[in-house]
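So you can see what is in the structure, the chains are spelled out below.
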Amino acid sequence: MKHFTSVKQLGDLSEAFKKARYVKENPFADQELGRNKTLLMIFFNSSLRTRLSTQKAAMNLGMNVIVLDVNQGAWKLETERGVIMDGDKPEHLLEAIPVMGCYCDVIGVRSFARFESKQDDYEEVILNQFIKYSGRPVFSMEAATRHPLQTFADMITIEEYKKKDRPKVVMTWAPHPKALPQAVPNSFAEGMNLTDYEFVITHPHGYELDPEFVGKAVVEYDQKKAFEGADFIYAKNWAAYSGDNYGKVLCTDRAWTVDAEKMALTDNAFFMHCLPVRRNMIVTDDVIESPQSIVIPEAANRVVSAQCVLKEILSSL
Ligand code: CP
């Protein structure tokens, strides 16, 4: 594995799950693999889970880790080529990226959608510049359109908790006061499309995702109908994707909040969310605190997914 930007790059899924089980049971078995190797983690946006879990995964593999918060302590970076740099950004990404590449062996990048240009977001301009100019293997720690380390952890978690071969997994939109990127729902849908699970997406009209990610999912606009018989409820907010509404909040209707009444329609489904989650907007206190909530083991599996990916990358150096 050279770069990791999508769960599609996991290859054979049953092999990937087998490797994940091995890593979970033997977290320190590959300490030599990362010896004298440095991971540089670059954050254009905030993080709790990705930062800690990826660093822990790298340490389990014997790596050294450097973390750079671009917006705290680093020079402000210009990202557009051709700009006359007479403003507040003293350094261009096109010099900064190869310089960063000089100081490490592997680079992780977090760079969310900016909602300034749908084309730039969906072409993954920032992430692809790292791939093109760093001279290092690059992996996504959530980019504009996908969050593959999260999705792989989600998939590992579903494999661990599923009670039938082909569970019904429902991804539901839920309200949030701010415009959030589509990276998590896109990526989760991409992952579910790699499986043979029954996969349903439910959201209000206007929140349709890019058809490339929806794939073979059933889209059901009636949230309660979608929940019927579900084995897993995966809640997430996202901003509108389509047309002129790209990046906009069209609805904050708390009738879409996941609550106990809706969970009662499911087949005793497990509740999942990538976190951070806004309680009583996305999900009620009682649901997220219930025994069916698996958000903590889901977050714990972020170490496993990151370690699997780093291990593949280190093995290819
Ligand atoms: N789920 C997730 O990526 O969390 P952070 O934004 O805290 O890293």
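Each value, and the rule that gives it
Residues numbered from 1 in each chain as written. Predicted model: local features only at pLDDT ≥ 70, side-chain atom pairs only at ≥ 80, totals over all residues. Heavy atoms only, no water. Near = heavy atom within 4 Å. Polar contact = N/O pair within 3.5 Å; in protein donor to acceptor, adjacent residues only side chain to side chain. Areas by Shrake-Rupley, 256 points an atom, 1.4 Å probe, with all protein chains shown as cover. 1 Å grid on protein atoms, 1.4 Å probe; cavity = no way out; pocket = protein on both sides within 12 Å on 5 of 7 lines; lining within 4 Å. Sits in = over half its atoms within 2 Å of the grid points. Nonpolar A, V, L, I, M, F, W, Y, C, P; charged D, E, K, R; others polar. Domains from an automatic or database assignment. Contact = heavy atoms within 4.5 Å. Buried area = accessible area lost by both parts, 1.4 Å probe. Salt bridge = Lys/Arg side-chain N within 4 Å of Asp/Glu carboxyl O. Helix = DSSP H or I, 4+ residues; strand = E, 2+ residues; numbered from the N terminus. Core = buried A, V, L, I, M, F, W, Y, C linked by side-chain atoms within 4.5 Å. Buried < 20%, exposed > 50% of the residue type's maximum accessible area, 1.4 Å probe, protein only. Arc of directions from axis to C-beta. Pairing = 2+ DSSP bridges. Axes fitted to C-alpha atoms, helices over the stretch in contact; angles between N-to-C directions.

1. Digging into the site of the ligand
As a matter of local geometry, the ligand sits amid Ser47, Leu48, Arg49, Thr50, Arg110, His147, Gln150, Cys274, Leu275 and Arg302. Within the side chain of Arg302, a nitrogen or oxygen atom sits 3.2 Å from an oxygen atom of the ligand. For the ligand, whose accessible area on its own is 250 Å², the fraction buried by protein is 93%. For the ligand, the cavity whose grid points lie within 2 Å of the majority of its atoms is the largest pocket. Across the shell around the ligand, the residue classes tally to three nonpolar, four polar and three charged. The residues that make up the shell around the ligand include at least three from each of domain 1 (7-146 + 302-316) and domain 2 (148-298).

2. Remarks on the domain arrangement of the protein chain
By the assigned domains, the protein chain splits into domain 1 (7-146 + 302-316) and domain 2 (148-298). Listed as interface residues are 30 residues of domain 1 and, on the opposing side, 35 residues of domain 2. Taken together, the two surfaces of domain 1 and domain 2 that pack against each other cover about 2,800 Å², and 69% of this comes from carbon and sulfur. Viewed at the interface, domain 2 and domain 1 are joined by four salt bridges. Residue Arg146 pairs with Glu190 through a salt bridge whose shortest N-O separation is 2.8 Å. On inspection of domain 1 and its partner domain 2, the count reaches 11 residue pairs in polar contact (both at pLDDT 80 or more). Among the secondary structure elements, those contributing two or more residues to the side of domain 1 that touches domain 2 are α1 (13-25), α2 (49-60), α4 (118-122), β6 (138-140) and α12 (295-315). With six residues, the top contributor of residues to the side of domain 1 that touches domain 2 is α12.

3. A word on the nonpolar core
Among the nonpolar cores identified, the biggest contains 53 residues, and Phe139, Phe152, Met171, Phe199 and Leu310 are the most heavily contacted of them. Counting the residues that make up this core, at least three belong to each of domain 1 (7-146 + 302-316) and domain 2 (148-298). Setting aside its immediate chain neighbours within four residues, Phe199 contacts Val169, Met171, Phe188, Ala189, Met192, Ala217 and Val218. With 18 residues, the next largest nonpolar core counts Val200, Val258, Met263 and Leu275 among its residues.

4. Topic: unusual backbone geometry
Along the chain, Leu275 connects to Pro276 via a cis peptide bond; the corresponding omega equals 5°. When you line up the elements, Pro276 lands in the loop between β11 (270-272) and α11 (285-288). Backbone geometry places Glu124, a non-glycine residue, at a positive phi of 50°. Topologically, Glu124 is positioned in the loop between α4 and α5 (125-133). Taking the relative accessible area as the measure of exposure, Glu124 reaches 10% and is therefore buried. In this structure, Leu275 takes a positive phi of about 65° despite not being glycine. Relative accessible area serves as the criterion here: at 15%, Leu275 is assigned to the buried category.

5. Regarding α5
Inspection of α5 places Ile126, Leu127, Gln129 and Phe130 among the buried residues, and these make up the whole buried set. In an axial view of α5, the angular spread of the buried residues amounts to 160°, which keeps them on one side of the axis.

6. Remarks on the sheet that holds strand β8 (residues 198-202)
Note on sheets: strands pair through backbone hydrogen bonds, and any given pair is parallel or antiparallel. A sheet is described by the order of its strands in space; here five strands give the open sequence β9-β8-β7-β10-β11, paired in parallel fashion. The two strands at the open ends of the sheet, each matched to only one other strand, are β9 (218-219) and β11. Pairing of strand β10 (residues 232-236) with β11, which is carried by three bridges, proceeds in the parallel orientation. Across the sheet, Phe232 pairs through a bridge with Phe270, a residue of β11. Relative to the sheet, helix α7 (residues 183-192) contacts β7 (168-173), β8 and β10, its axis offset from that of β7 by approximately 165°.

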